[in-house]
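For reference, the chains in residue letters:
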Amino acid sequence: MAARSLWRTRARLLVVGSAVCGGSGSAFIASSEDPSRTLKLCTNIPVRLFRNTVTAASIAFDYEYSLSGLAEGSSERAKVKHEVHLRSAQKLQELCFKNGGIYIKLGQHIGQLDYLVPEEYVHTMRESMLNKCPVSSYEQVCEVFKKEVGETPDKVFAEFDPVPIASASLAQVHVARTHSGEKVAVKVQHSHLTDSAAADTAAVGVIVNTLHRIFPSFDYRWLLDEMSESLPKELDFMVEAKNNEKCLDNFRKISPHIAEYVYAPTIYWNLSSSKLLTMEFMDGAQVNDVAKIKKLGIQPYEVSKLVSQTFSEMMFKHGFVHCDPHAANLIVRPSGKRNIYGKQKPQLVLLDHGLYKELDFNTRFNYASLWKALVFSDANAIKKHSEKLGAGDDLYALFAGILTLRPWKQVIDTSVDHLVIQGTKEDRSELQMYASQYFPQISELLRRLPRVILLMLKTNDCLRSVNNELLQGSSLESFLIIGKVSSEAVLEAKWSEKKSLMKWLNVWLEGLSVEARLWVMQFALWVLQVRKALTL
């Protein structure tokens, strides 16, 4: 009887508790400014958290169960591990698509981590995350327009295509025509993304922290910190519009020698808001569409050089860097000028200026000095500037390896093409082996480095991927450009300091030495190109 009475009491308490909680929740939803939106958030967030938990548990269990009892280094273990990697990557891909928003952004980042993540994850994410993002319905687009400008798209514009031409993790783009007849691209933020972003970041945080506790070597907490800081800026399109204009202004003032070859679309401020961005429509080829680039009369090799030059100037001289230069954000079109062979010179159009990082003077100087040392195989300078950037005296060689995707012995090799990656299967296998072998050390290095340098790593990964698409491997010319621009930035920084006559003379002599070494490397490049041409 006592047990039955206790059970009934518990049941009543459960009913009363549910009623109170349900009533409180209902009252909270009803009293909010937008009850339907609040209800949607209150139901969606727990569902996403549940999906996260199930996916993380499923992946962790798959690794533990499938690899249990298989000898380390055996062919059977390698085969099973490949299968588990593939299954897990597909589970993670499915989770990102179901949850959308920042999860897509996370998937895109994973797709660029060649140096850290197994190849199965990289390929799965890279093939899907850029071109298969979820699309908001036209009704949802109209909802955003009404909240932002008080009218539907067909009233704001003379023409508005309800079908987007592109969709990304945070927004999608529609083609429209203004009432004055100008063709424009309208970037519309996915509805309710601002409201769910903080909760989604927290939910991802729960999973990442849980996985870190289970697998200590898996430490992506730095990525969460970065997302928490950068996401609010990316969700404010006014910040993006200002970044767009500042980027072009920097090229005009600091890098006028290539300003006419770098472009960003004009912003229509009167038709833009924090969740709507109207800009000049850009025609051209996506930077990885080699066939279309050739049809435009442009050589992919020239595009690769321009991409390297553009981002070297941003990193080493401007200190204001576009940190999301994946293929969908880089458009190539003819500049109207021709090279000495009569081929069209390319113009690079930069899109999506939501994610930028500023490098302070010391960080920019040390980062430029490090790249200068990498190109010139200067082991002492590599160690010195790696330590100043936070790698420590024990992980500087690993840091150099991550930046160049080359083992230390090759980083300090004095041959002119020591940093060039051919993009062969052997190269990829070697990189994956190093990533697997040094996973704990890589995680520790990423934890140590300042977040701004982590974003530079992400930018390097994006650019490396673009160059691989254009040239099927890295280019010696690209490294010469990096060496030249980084050296110029270092010398400019040294010239700007007040110094004695002796120091002035040292800087002048260093400049002569750099010019001589770059000339020798350029000559060696020319010899290699001639040899290659003669063997064809």
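These numbers come from a predicted model, not from an experiment.

Counting its regular elements, the protein chain contains 21 helices and 11 strands. Looking at the protein chain as a whole, 50% of its 536 residues are labelled buried. Considering only intrachain contacts with a sequence separation of at least 6, the fraction spanning at least 24 residues in the protein chain is 68%. Element-wise, carbon and sulfur atoms account for 57% of the exposed surface of the protein chain, whose accessible area totals about 26300 Å².

What follows deals with the packing of aromatic side chains. Taken as a whole and assessed by the stated rule, the structure comprises nine aromatic pairs. Each ring, one from Phe-61 and one from Tyr-65, has its centre 5.5 Å from the other, and the planes form 10 degrees; the classification is stacked. Placement of the pair is Phe-61 and Tyr-65 together in helix H2 (residues 35–67), with a separation of four residues, close to one helical turn. Note on Phe-61: relative accessible area 55%, which makes it exposed. One aromatic cluster in this structure is built from Tyr-138, Phe-145, Phe-157 and Phe-160. The ring of Phe-281 is capped by Lys-183, whose NZ or CZ atom sits 4.2 Å from the centre of that ring. A cation sits over an aromatic face here: Arg-333 above Tyr-263, 4.8 Å from the ring centre.

To continue, consider a nonpolar patch on the surface. There is a patch of nonpolar side chains on the surface, built from Trp-495, Leu-501, Met-502, Trp-504, Leu-505, Trp-508, Leu-509 and Leu-512 and spanning about 840 Å² of accessible area. Ranked by the residues each element gives to the nonpolar patch, the list is headed by helix H21 (residues 501–535), at seven residues. Mapped onto the elements, Leu-501 comes out in helix H21. Classification of Leu-501 by relative accessible area gives exposed; the value is 70%.

Moving on, we come to the pattern of salt bridges. By the definition in use, this model includes 22 salt bridges. Here Lys-337 ties to Glu-260 by a salt bridge, and the two come within 3.6 Å at their closest N and O atoms. Here Lys-337 is found in strand E9 (residues 330–338), whereas its partner Glu-260 is found in the loop between helix H10 (237–254) and strand E5 (262–263), with 77 residues between them in sequence. Overall, the relative accessible area of 44% leaves Glu-260 in the partly exposed class. The structure contains a network of salt bridges with shared partners spanning Glu-313, Lys-317, Lys-484, Glu-488 and Glu-492.

Despite not being glycine, Ser-377 shows a phi value in the positive range, around 55 degrees. Tracing the chain through its elements places Ser-377 in the loop between helix H13 (361–375) and helix H14 (379–388). What makes Ser-377 buried here is its relative accessible area of 14%. Its identity as a non-glycine residue notwithstanding, Leu-405 has a phi of 55 degrees, on the positive side.

What follows is about the pairing of strand E10 (residues 344–350). Counting buried residues in E10 gives six out of seven residues, a clear majority hidden from the surface. Sheet topology places E5 next to E10; two bridges connect them, and they run parallel. Of the residues in E10, the one forming a bridge with Val-262 is Leu-348. Where E9 meets E10, six bridges bridge the pair, whose relative direction is antiparallel. Each residue of the ladder has a partner; that of Pro-334, found in E10, is Pro-346. Hairpin connection, E9 to E10: the antiparallel pair is bridged by five residues, and Gly-342 has positive phi, about 85 degrees.

Considering the arrangement of structural elements, one finds Asn-329 in the loop between strand E8 (320–322) and E9. With residues near it in sequence (within four places) discarded, Asn-329 still touches His-322, Asp-324, Val-349, Leu-350, Leu-351 and Asp-352.

Packing of helix H12 (residues 300–318) against helix H20 (residues 476–496) leaves a shortest axis separation of 9 Å and a crossing angle of 25 degrees. If you check the angle between H12 and H20, you find them roughly parallel. For the pair H12 and H20, the sense of crossing is right-handed. Between H12, through Tyr-301, Ser-304, Lys-305, Ser-308, Gln-309, Ser-312, Glu-313, Phe-316 and Lys-317, and H20, the contact on the second element is made entirely by Glu-477, Ser-478, Ile-481, Ile-482, Val-485, Ser-486, Glu-488, Ala-489 and Glu-492. Its residues assigned to classes, the contact of H12 with H20 shows six nonpolar, six polar and six charged.

On to the side chain of Ser-312. Here Ser-312 shows up in helix H12. Residue contacts for Ser-312: discarding those within four places in its chain leaves Lys-317, Ile-481, Ile-482 and Val-485.

Let us look at the environment of Lys-294. In this fold, Lys-294 is placed in helix H11 (residues 290–295). Taking the C-alpha atoms as reference points, Lys-294 and Gln-344, 50 residues apart in sequence, are found 9.9 Å from one another.

This part covers the nonpolar core. Counting 106 residues, the largest nonpolar core has Val-287, Phe-311, Phe-316, Tyr-367 and Phe-399 as its most contacted members. With nine residues, helix H19 (residues 451–471) is the largest single contributor of residues to this core. With residues up to four places along the chain from it excluded, the contact list for Phe-311 reads His-322, Pro-325, Leu-330, Leu-348, Leu-350, Thr-459 and Leu-463. Grouped together as the second largest cluster of nonpolar side chains are 13 residues, Phe-160, Val-188, Tyr-268 and Leu-271 included.

Rules behind the numbers
Residues numbered from 1 in each chain as written. Predicted model: local features only at pLDDT ≥ 70, side-chain atom pairs only at ≥ 80, totals over all residues. Heavy atoms only, no water. Helix = DSSP H or I, 4+ residues; strand = E, 2+ residues; numbered from the N terminus. Buried < 20%, exposed > 50% of the residue type's maximum accessible area, 1.4 Å probe, protein only. Contact = heavy atoms within 4.5 Å. Areas by Shrake-Rupley, 256 points an atom, 1.4 Å probe, with all protein chains shown as cover. Phe/Tyr/Trp six-rings, centres within 6.5 Å; stacked < 30°, edge-to-face > 60°. Lys NZ or Arg CZ within 6 Å of the ring centre and 35° of its normal. Patch = residues over 30% accessible without salt bridge, like charges linked within 9 Å, V, L, I, M, F, W, Y side chains within 5 Å. Salt bridge = Lys/Arg side-chain N within 4 Å of Asp/Glu carboxyl O. Pairing = 2+ DSSP bridges. Axes fitted to C-alpha atoms, helices over the stretch in contact; angles between N-to-C directions. Parallel < 35°, antiparallel > 145°, perpendicular 65-115°, else oblique. Left-handed = near helix turned anticlockwise from the far one by under 90°. Nonpolar A, V, L, I, M, F, W, Y, C, P; charged D, E, K, R; others polar. Core = buried A, V, L, I, M, F, W, Y, C linked by side-chain atoms within 4.5 Å.

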